[in-house]
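# Summary of the model geometry
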Amino acid sequence: EVCEDHAMWDGRVGKRRSDVVYVVLVTVVFVGVAMGTRFVHVSDFHFDPLYSPSAGADSFCRGGAPGSFHHAGHEREARRRAVLRDASAGGGSYGTYGCDAPATLVSSAIETIANFSNITFILVSGDSAAHNLPARDKLPAIQEVTAQFEQAVAPDVQILFAVGNNDVEEDYTVACGDPWLAGLASVWNESIPADQRATFLRMGAYAADVQDNLEVLVLNTVLYSRKHRPDYSGQSDPCGQFRWMREQLAEARAQSQDVLVVGHIAPGIDSFSYKPTMVDSFSETLLAILGEYSDVVKGAFFGHFHQDEIRAFPPGEGREGATAPVLLAPSVSPIFGNNPEFRVVEYAKEARQLINYEVFWRNLYLANSGIGNWTWLYDFVDQYGLAGITGETLSDLATRLLVDETTFNEWYRYRGVYASNAILPPDMGTPAQACLACAQQTFSTAGLQSCSSFRCKRP
């Protein structure tokens with residue numbers, strides 16, 4: 001696969017000086033393990049049909065008065081504002097740091113993904129639509145992302161979309177049986193199996209067989225968010241999704257199937273606000289299920305945070321064993337200062353576990369200057385010296401992030417996909433470093449406090 005416009009570059013990151021990344025580009029093919037299954041995990045496109053680079057990031061590249069955008073009231077707005085202070089480049093046709101993704105960037109990512117060979121399926125873990133789009137523009141934006149995938153990839157490649165908090169009519173607002181789910185079901189008609197349509201219309205979840213003995217459970221984890229409306233925090237099982245999940249996993253176990261789980265919001269700690277992402281009881285239940293069926297669930301894939309992170313939940317927080325590996329993909333949208341990224345993941349059918357993933361990115365500054373294309377960034381297993389991707393190997397990595405400076409510093413730079421505001425990692429042993437490392441391995445405020453010994457709070 002040779003990258004020339006629609007084809008694939010495979011690059012190797014060279015040395016780094018200040019905020020410049022020097023990349024040596026070579027035309028080689030990503031080669032997977034023999035008999036393995038390759039799939040793509042991509043998240044948070046946040047396609048903005050209203051994008052205008054001339055409007056500037058102060059106005060979210062849409063025009064209007066600064067601060068008029070709804071996201072300005074969100075707790076993460078401080079993070080976006082930091083991007084505007086630190087960003088070293090203005091905007092352009094491929095996007096602007098501090099804004100959501102224009103059509104050019106979305107098309108570029110999808111066309112690049114489509115040019116990989118031997119991809120079996122694609123996981124899109126939520127938020128196809130931009131932040132705070134008017135309701136009338138949301139479904140058309142999601143439809144555009146969906147249609148581009150369906151037109152670009154081979155017809156035998158399954159594309160599985162999860163519901164994100166920006167994919168619903170009002171941010172974080174989706175009820176059981178919500179009429180909006182019918183609209184999403186229509187847009188994602190090719191992705192949702194016919195026998196799963198009723199389940200999706202009820203809760204926004206569905207199951208799909210992607211190959212022999214491998215199934216994907218697509219969850220609607222927006223239901224479990226602390227920001228979700230209507231308030232379901234007094235319920236034990238919103239929309240019956242936990243019961244459905246257990247039934248699917250029990251059936252998979254009985255049939256000797258492996259399962260991958262995909263959703264938008266991961267359980268655990270938000271690594272910017274240092275608050276739990278989910279209502280405590282929902283997080284505990286979800287992790288208990290992942291622990292109970294750790295022999296079945298081989299990986300869980302999420303987005304939402306726009307950062308390249310992990311969640312390793314070792315024994316000790318109400319579980320006898322570690323859960324399946326939980327992997328968080330960065331976004332295509334550069335709204336929080338990261339460069340766009342996606343992953344190619346390898347699952348070994350014979351070993352019945354995740355083997356590895358490789359990361360591909362696009363330098364937004366270079367893209368807007370008419371230079372380069374999507375390039376290889378790093379190999380997860382090789383970078384951190386792991387024996388595959390399991391709950392245990394992620395727990396080991398999370399421990400090293402806390403105590404090993406070399407591991408933490410390199411992980412920190414990859415975390416922001418070499419963003420301009422993520423060049424210098426915090427010093428080891430400081431609250432900023434310890435809290436961030438601990439957020440990768442705990443799901444509760446008490447666990448975070450115990451791990452870090454600091455009072456973790458938003459920077």
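Residues numbered from 1 in each chain as written. Predicted model: local features only at pLDDT ≥ 70, side-chain atom pairs only at ≥ 80, totals over all residues. Heavy atoms only, no water.

## Quick look at the state of the cysteines
Across all of its chains, the model carries four disulfides by this definition. The side chain of Cys176 participates in a disulfide bridge whose partner is Cys239; the two sulfur atoms lie 2.0 Å from each other. Here the disulfide of Cys176 and Cys239 is left-handed, its torsion about the S-S bond being about -95 degrees. With a gap of 63 residues between them, Cys176 in the loop between β5 (158-161) and α4 (179-187) and Cys239 in the loop between β7 (214-218) and α6 (241-254) connect regions that are remote in the sequence. We classify Cys176 as partly exposed; its relative accessible area is 34%. For Cys239, a relative accessible area of 11% translates into the label buried. Each disulfide of the chain joins two cysteines, and with those cysteines numbered along the sequence the arrangement is 1-2, 3-4, 5-8, 6-7. (Disulfide = S-S within 2.5 Å. Helix = DSSP H or I, 4+ residues; strand = E, 2+ residues; numbered from the N terminus. Buried < 20%, exposed > 50% of the residue type's maximum accessible area, 1.4 Å probe, protein only.)

## Focus on the sheet that holds strand β6 (residues 206-211)
What the six strands build is an open sheet, ordered β6-β7-β8-β9-β11-β10; its pairing is mixed. Since the sheet does not close on itself, it has two edges, and those belong to β6 and β10 (309-311), each with one partner. Each strand axis lies, on average, 25 degrees off the axis of its neighbour in the sheet, ignoring direction. Where strand β9 (residues 297-302) meets strand β11 (residues 326-328), three bridges bridge the pair, whose relative direction is parallel. Considered in β11, the bridge of Phe302 is made with Leu328. (Pairing = 2+ DSSP bridges. Axes fitted to C-alpha atoms, helices over the stretch in contact; angles between N-to-C directions.)

## Things to note about the sheet that holds strand β3 (residues 36-42)
Hydrogen bonds between backbone atoms are what pair the strands of a sheet, whose relative direction is either parallel or antiparallel. Strand order in this open sheet of six strands is β5-β4-β3-β12-β13-β14, and the pairing throughout is mixed. In this open sheet, the two edge strands, each paired with only one partner strand, are β5 and β14 (375-379). Shown here is a sheet whose adjacent strand axes are inclined to one another by a mean of 25 degrees, direction ignored.

## Some remarks on unusual backbone geometry
Backbone torsion omega between Arg229 and Pro230 reads 0 degrees, so that peptide bond is classified as cis. In this structure, Pro230 sits in the loop between β7 and α6. For Cys239, which is not glycine, the phi dihedral falls at a positive 65 degrees.

## Examining the side chain of Thr96
In this fold, Thr96 is placed in the loop between α1 (77-86) and α2 (103-114). A polar contact of 2.8 Å, which involves the side chain of Thr96, links it to the side chain of Tyr51. (Polar contact = N/O pair within 3.5 Å; in protein donor to acceptor, adjacent residues only side chain to side chain.)

## Structural notes on the pattern of salt bridges
For the structure on display, the rule yields 10 salt bridges. Among the ionic pairs, Arg343 bridges to Asp308, the shortest N-O distance being 2.5 Å. Taken together, the residues Arg343 in strand β12 (residues 341-348) and Asp308 in the loop between β9 and β10 connect sequence positions 35 residues apart. Pair check on accessibility: Arg343 and Asp308 agree, each one buried. Across the pair Arg415 and Glu309 runs a salt bridge, and its minimum N-O distance is 2.6 Å. You can see Arg415 sitting in helix α11 (residues 405-415) and its partner Glu309 sitting in strand β10, a full 106 residues away along the chain. With a relative accessible area of 12%, Arg415 lands in the buried category. Beyond isolated ion pairs, a larger network of salt bridges with shared partners links Asp308, Glu341 and Arg343. (Salt bridge = Lys/Arg side-chain N within 4 Å of Asp/Glu carboxyl O.)

## Quick look at the pairing of strand β4 (residues 119-124)
Burial runs high along β4: five of the six residues are buried. Where β3 meets β4, five bridges bridge the pair, whose relative direction is parallel. Residue Val40 lies in a different strand from β4, and its bridge partner there is Ile122. Read as a crossover between parallel neighbours, the route from β4 over helix α3 (residues 135-152) to β5 is right-handed. (Right-handed = clockwise from strand over helix to strand, strands pointing away.)

## Overview of the packing of α11 against helix α12 (residues 431-439)
Packed helices, taken two at a time, are described by their axes: the angle between them and the distance between them. α12 packs onto α11 with a crossing angle of 75 degrees between their chain directions and a minimal axis gap of 12 Å. With respect to α12, the axis of α11 lies roughly perpendicular. For the pair α11 and α12, the contacting residues are Phe408, Trp411, Tyr412 and Arg415 in the first and Gln433, Leu436 and Ala437 in the second. Here the residues of the contact of α11 with α12 sort into five nonpolar, one polar and one charged. (Parallel < 35°, antiparallel > 145°, perpendicular 65-115°, else oblique. Contact = heavy atoms within 4.5 Å. Nonpolar A, V, L, I, M, F, W, Y, C, P; charged D, E, K, R; others polar.)

## Some points on the confidence of the model for the chain
Of the residues in the chain, 83% reach a pLDDT of 70 or more, and the chain-wide mean stands at 86. Note that residues 1-34 has pLDDT below 50 and, in this model, 72 contacts with residues that lie over four places away or in other chains. Confidence drops under a pLDDT of 50 for residues 65-73, and excluding neighbours within four residues, the segment shows 18 contacts in the predicted structure. (pLDDT = per-residue confidence, 0-100.)

## With respect to α4
Those residues of α4 not exposed but buried are Trp180, Leu181, Leu184, Ala185 and Val187. Axial view of α4: buried residues confined to an arc of 160 degrees, hence all on one face. Packed against the buried residues of α4 are α3 and α5 (197-203). Where α4 starts, the residue carrying a side-chain oxygen 2.9 Å from the main-chain nitrogen of Trp180 turns out to be Asp178. (Arc of directions from axis to C-beta.)

## Overview of the environment of Pro193
In this structure, Pro193 sits in the loop between α4 and α5. For Pro193, the residues in contact, after removing those within four places along its chain, are Tyr206, Ala207 and Ala208.

## Looking at the environment of Pro140
Looking at the element boundaries, Pro140 is found in helix α3. The exposure class of Pro140 is partly exposed, given its relative accessible area of 48%. Each C-alpha atom, one on Pro140 and one on Ala129, is 8.9 Å from the other, the two residues being 11 residues apart in sequence.

## Observations regarding the pairing of strand β13 (residues 353-361)
Across the nine residues of β13, seven count as buried, placing the element largely inside the fold. The pairing of β12 with β13 spans eight bridges and is classified as antiparallel. Along β13, the bridge assignment pairs Glu346 with Asn356. Turn length for the β12-β13 hairpin, with the two strands adjacent in sequence and antiparallel, is four residues, and the turn residue Arg352 shows positive phi of about 55 degrees. With four bridges joining them, β13 and β14 adopt antiparallel strand pairing. Across the sheet, residue Trp361 finds its bridge partner in β14, namely Thr375.

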